Amino acid sequence: AVEILIEQRGDKALQDITRADAVAYADFWEGRTIAEGISPSSANKNISHIGGMIRAVDKRLKLGLDHVFGGTRLEGGRDGNRSPFTVEHIRNVILAPGALDGLNDEAKDVVYIVMETGCRPSEIVNLSKSRIKLGAEIPFIRVEAEGRLLKTEHSERDIPLVGMALDAMKRHPAGFPRYHDNGDNLSATLMKHFKKAGLLPKASEDTPLKKRPKYGVYSFRHSLKDRLKAVECPEELTDELIGHATGKPKYGDGYGLQLKAKYLKSIALTPG
């Protein structure tokens, strides 16, 4: 938590940390819940660690510090549940000519892969060359623990590459060195561009603020689930592609690449 605070706001003496620093730190974590699906509880732990540390040192040394982190925890409504992009919005807005031109090549191709596979952005940027199987009969990527813990055991899976995801992965056969183990930087880059370029759907002004849909990079995952449902993909296969727990015992090796590819090809996106 401290390392991230220093990365975001600089290495300051405790008495020099301002309310603006505290709010910016909370905003950073809220951005991660939007872009990466991090839970509010995980974000709040990091915010609380900093506030608690400062209060403990202040009490022990009687420094008389202002408790600038008070009230900065994310509220219950500000969670990582993103609304899905519609297919029309993806095709007509996000994939419109020039819409992603402000992004560097790696960030742009991660967007293409996420929208066609439903992977978490962090799963894409941390792929190693050995887990990118472009030479297979059905090209695919393998999401599995490699020196790190996955979000859940269900996250380990093989995902066929189709459409724009296959083209994008061919441009990065060894992975994404710029963002490897640096998903925070990617999330910040993507959200900054999406907001600046107006790529996020706008809610009606008549809709109360608390009820307005929330969008982020994770919206592509929810979109993929909706798109698979529209072509009557079996629910268990969808969960296996997304990396969600089904709540049911797992028997055998699950669904094979051929069947997965069949459904992913049926919903592959094309610009325009």
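Up top is the structure these notes are about.
Residues numbered from 1 in each chain as written. Predicted model: local features only at pLDDT ≥ 70, side-chain atom pairs only at ≥ 80, totals over all residues. Heavy atoms only, no water.

Caption draft 1: Region of the structure containing the side chain of R157. Here R157 lies in strand β3 (residues 157–160). A distance of 2.8 Å separates polar atoms of two side chains, one belonging to R157 and the other to E123. One polar contact links the side chain of R157 to the main-chain carbonyl oxygen of I242, over a distance of 3.3 Å. For R157, the residues in contact, after removing those within four places along its chain, are C119, R120, E123, I141, R142, V143, R221, E240, L241, I242 and G243. (Helix = DSSP H or I, 4+ residues; strand = E, 2+ residues; numbered from the N terminus. Polar contact = N/O pair within 3.5 Å; in protein donor to acceptor, adjacent residues only side chain to side chain. Contact = heavy atoms within 4.5 Å.)

Caption draft 2: Just a nonpolar patch on the surface, in detail. A cluster of nonpolar residues, V2, I6 and M53, forms a patch on the protein surface that exposes about 200 Å² of accessible area. Looking at the secondary structure, you find M53 in helix α3 (residues 40–61). Residue class for M53 comes out partly exposed when judged on its relative accessible area of 33%. (Patch = residues over 30% accessible without salt bridge, like charges linked within 9 Å, V, L, I, M, F, W, Y side chains within 5 Å. Areas by Shrake-Rupley, 256 points an atom, 1.4 Å probe, with all protein chains shown as cover. Salt bridge = Lys/Arg side-chain N within 4 Å of Asp/Glu carboxyl O. Buried < 20%, exposed > 50% of the residue type's maximum accessible area, 1.4 Å probe, protein only.)

Caption draft 3: Spatial organisation of the pairing of strand β2 (residues 140–143). Where strand β1 (residues 132–133) meets β2, two bridges bridge the pair, whose relative direction is antiparallel. Bridging from a neighbouring strand, I132 pairs with I141 of β2. Here β1 hands over to β2 after six residues, the two strands then running antiparallel side by side. As defined by bridge partners, β2 adjoins β3 across four bridges and the pair is classed as antiparallel. Bridge assignment links R142 to a residue of β3, and that residue is D158. (Pairing = 2+ DSSP bridges.)

Caption draft 4: Structural detail: helix α9 (residues 219–230). With 12 residues, α9 extends 17 Å between its outermost C-alpha atoms, agreeing within 8% with the 16 Å of an ideal straight helix rising 1.5 Å per residue. Restricting attention to buried positions, one finds in α9 the residues S219, F220, R221, S223, L224, R227 and L228. Note on α9: the residue one or two positions beyond its end, E232, has a positive phi of about 60 degrees. (Expected span 1.5 Å × (residues − 1).)

Caption draft 5: Structural view of the nonpolar core. Of all hydrophobic cores here, the largest spans 51 residues; its most connected members are I94, M115, I124 and F220. Considering every element that reaches this core, the biggest residue donor is helix α5 (residues 105–117), with seven residues. Ignoring any residue separated from it by four or fewer positions in sequence, one finds I94 in contact with F85, H89, A99, L100, M115, F194, L199 and F220. Y25, I38, I54 and L65 belong to the second largest nonpolar core, which has 17 residues in total. (Core = buried A, V, L, I, M, F, W, Y, C linked by side-chain atoms within 4.5 Å.)

Caption draft 6: Molecular detail of unusual backbone geometry. At K62, a residue that is not glycine, the phi angle is positive and equals roughly 55 degrees. Relative to the helices and strands, K62 is located in the loop between α3 and α4 (87–94). What makes K62 exposed here is its relative accessible area of 75%.

Caption draft 7: Geometry of the pattern of salt bridges. Under the defined criterion, the tally for this structure stands at 10 salt bridges. A salt bridge links R171 to D109; its shortest N-O distance comes to 2.7 Å. With R171 in the loop between α7 (163–170) and α8 (183–196) and D109 in helix α5, this pair connects stretches of sequence that are 62 residues apart. On the accessibility criterion, R171 (48% relative accessible area) is partly exposed. Judged by its relative accessible area of 3%, D109 falls in the buried class.

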